[in-house]
Amino acid sequence: MIHPINKVKALGLCSGGLDSILSGVVLKQQGIHVEWISFETPFFSAEKAQKASKMTNIPLIIKNITSEYLPMLKNPPCGYGTEMNPCLDCHALMFKIAGSVMNELGFNFLFSGEVLGQRPMSQTKNSLRYVEKKSGFEGYILRPLSAKRLPETIPESSKLINRDNLLDIAGRGRKIQIALAKEFGINEYPAPAGGCLLCDKGYSDRLRDFFQYNDSWNEKDFELLKHGRHFRIDAKTKLVIGREEKDNENILKYFDKENDIILQVDKIPGPIGLIFKATPDSDIELASSICASYSKADLNIPADILIESENINKIIRIKFTNKEEYKKFLI
């Protein structure tokens, strides 16, 4: 992107929600050149930000930050929220990375759509201050929607932006934002919720289990946490089985034949099962029984299970019981 010469340039974090959209439009109204940056990991995507960019014609930079994100996620200095969401340290890291892009591409300051008091943990004055200090760009982060309720930033004191034209929104209500959207002709925007898997209890339970039993990982591991039912058989053995056809497809998609084992009931409709890495035969038999219990196989008849990996291709016959008996292993 070629920036206009001598024009003030602002780079904003964009989630794609209404507050993000409004923060960018408010700055554009002052004649500032605005662009957005949005980040992707296995836990959240830039999909909403892409829609917001297309709707507003504000350019968008998308950056995958998984490699930087995972070390922080495993041990966030400020800890987690209700689930595995490290909101304060997440925002600090995002601003740190955005700040590097700001310097690299010649932007004057950063901004976001955060509203003071909208979220009781991550958008208090102390929380916003923590994020700013930890980002390494103290003074260069502007929150246009709540700026008049927050300390003056460097772009304001330097007269790069007119503070009088910024807003003083606070609290959890959204009437002001909705009215502004109407005023600016913004008719489509997502509901104010969700988007991050780290706030989801089911996903967070699986992630806690994963970190407890694994010292190394790759993106495939976190993608698989999104699909199927997960069973912890013991410290070395975890089983994933599909809930539906789409889960089965994704399990096969992420199957690593060099390390993983695939299980499937022979000639009977049922889930695909995946065991991670080398597993004792006794655990393979238990995992096979769990797979069979979620299939259409008859409880009174032993089931044949297809077992496949790089070095294994065989069928074993196992007895199994009602799936309720195996729920003690469910993560």
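Please refer to the structure higher up on the page.
Residues numbered from 1 in each chain as written. Predicted model: local features only at pLDDT ≥ 70, side-chain atom pairs only at ≥ 80, totals over all residues. Heavy atoms only, no water.

Chemist: Looking at this structure, how should I read the sheet that holds strand β3 (residues 60–64)?
Modeler: Sheet strands pair by backbone hydrogen bonding; their relative direction is either parallel or antiparallel. One open sheet holds the five strands; their spatial order is β3-β2-β1-β4-β5, and the pairing between them is parallel. Looking at which strands have only one partner, the edges of the open sheet turn out to be β3 and β5 (141–142). Where strand β1 (residues 9–13) lies against strand β4 (residues 109–111), three bridges are found, and the strand directions are parallel. By the bridge assignment for β4, L11 is matched with L110. (Pairing = 2+ DSSP bridges. Helix = DSSP H or I, 4+ residues; strand = E, 2+ residues; numbered from the N terminus.)

Chemist: What's the story with the pattern of salt bridges in this structure? I'm lost.
Modeler: Proximity of charged atoms lets side chains of opposite charge pair with each other. For the coordinates displayed, the defined rule picks out 15 salt bridges. One salt bridge in this structure joins R317 and D304, with 2.7 Å as the shortest N-O distance. Residue R317 is found in strand β11 (residues 313–318), and its partner D304 is found in strand β10 (residues 303–308); the two are separated by 13 residues along the sequence. Judged by its relative accessible area of 62%, R317 falls in the exposed class. Between K327 and E324 there is a salt bridge, and its shortest N-O distance comes to 3.2 Å. The class for K327 is partly exposed, based on a relative accessible area of 40%. (Salt bridge = Lys/Arg side-chain N within 4 Å of Asp/Glu carboxyl O. Buried < 20%, exposed > 50% of the residue type's maximum accessible area, 1.4 Å probe, protein only.)

Chemist: Can you walk me through the packing of aromatic side chains in this structure?
Modeler: Two aromatic rings are characterised by how far apart their centres lie and by the angle between their planes. A complete count under the given rule lists 10 aromatic pairs for this structure. Clustering of aromatic rings is evident, with ring pairs tying together F43, F44, Y69, Y203, F210, F211, W217 and F222. (Phe/Tyr/Trp six-rings, centres within 6.5 Å; stacked < 30°, edge-to-face > 60°.)

Chemist: Hey, could you run me through the nonpolar core in this one?
Modeler: For soluble globular proteins, nonpolar side chains are generally found buried alongside one another. Counting residues in each nonpolar core, the largest one holds 35 residues, and the members touching the most others are F39, F43, Y69, L207 and F222. Secondary structure elements with two or more residues in this core: β1, β2 (33–40), α3 (66–74), α4 (87–105), α5 (125–135) and α8 (201–213). By size, the runner-up hydrophobic cluster in this structure holds 27 residues, among which are A10, F111, L166 and I169. (Core = buried A, V, L, I, M, F, W, Y, C linked by side-chain atoms within 4.5 Å.)

Chemist: What am I meant to see in the state of the cysteines here?
Modeler: Two cysteines, two sulfur atoms, one covalent bond between them: this is a disulfide. Using the criterion set out here, one finds zero disulfides in the structure. For the unlinked cysteine C199, the closest cysteine sulfur is that of C196, found at 4.6 Å. (Disulfide = S-S within 2.5 Å.)

Chemist: Looking at this structure, how should I read helix α10 (residues 245–253)?
Modeler: For an α-helix the count is 3.6 residues per turn, leaving residues at separations of three or four pointing the same way. Considered for burial, the residues of α10 that qualify are D247, N248, N250 and I251. For α10, the angular spread of buried residues about the axis comes to 165 degrees, placing them on one side. The exposed set on the far side of α10, more than 90 degrees from its buried face, consists of E245, K246 and K253. Lining the buried residues of α10 we find α9 (219–224), β7 (237–241), β8 (261–265) and β9 (273–275). (Arc of directions from axis to C-beta. Contact = heavy atoms within 4.5 Å.)

Chemist: Sorry if this is basic, but what is going on with the sheet that holds β7 here?
Modeler: Strand order in the open sheet formed by six strands is β6-β7-β9-β8-β10-β11, and the pairing between neighbours is antiparallel. Each end of this open sheet is capped by a strand with a single partner; those strands are β6 (229–234) and β11. Here the strands of the sheet are splayed against their neighbours by 25 degrees on average, with no regard to which way each runs. As defined by bridge partners, β8 adjoins β10 across four bridges and the pair is classed as antiparallel. In the sheet register, Q264 faces β10, and the bridge partner there is L306. (Axes fitted to C-alpha atoms, helices over the stretch in contact; angles between N-to-C directions.)

Chemist: Please clarify how the packing of α4 against α5 should be interpreted in this entry.
Modeler: To characterise two packed helices, one gives the angle between the axes of the helices and the distance between these axes. Contact pair α4 / α5: the axes reach a minimum separation of 8 Å and the direction vectors enclose 40 degrees. By the angle between their axes, α4 is oblique relative to α5. Between α4 and α5 lies a crossing of right-handed hand. Of α5, the residues touching α4 (which contributes L88, D89, H91, A92, F95 and K96) are S127, Y130, V131, K134 and S135. Of the residues contributing to the contact of α4 with α5, the split by class is five nonpolar, three polar and three charged. (Parallel < 35°, antiparallel > 145°, perpendicular 65-115°, else oblique. Left-handed = near helix turned anticlockwise from the far one by under 90°. Nonpolar A, V, L, I, M, F, W, Y, C, P; charged D, E, K, R; others polar.)

Chemist: Looking at this structure, I do not really get the environment of T56. What am I missing?
Modeler: By the element assignment, T56 lies in helix α2 (residues 47–56). Given a relative accessible area of 14%, T56 falls into the buried group. It is 14 Å that separates the C-alpha atoms of T56 and I32, two residues lying 24 residues apart in sequence. Residues in contact with T56, not counting those within four places in the same chain, are I21, K28 and W36. One polar contact links the side chain of T56 to the main-chain carbonyl oxygen of A52, over a distance of 2.8 Å. (Polar contact = N/O pair within 3.5 Å; in protein donor to acceptor, adjacent residues only side chain to side chain.)

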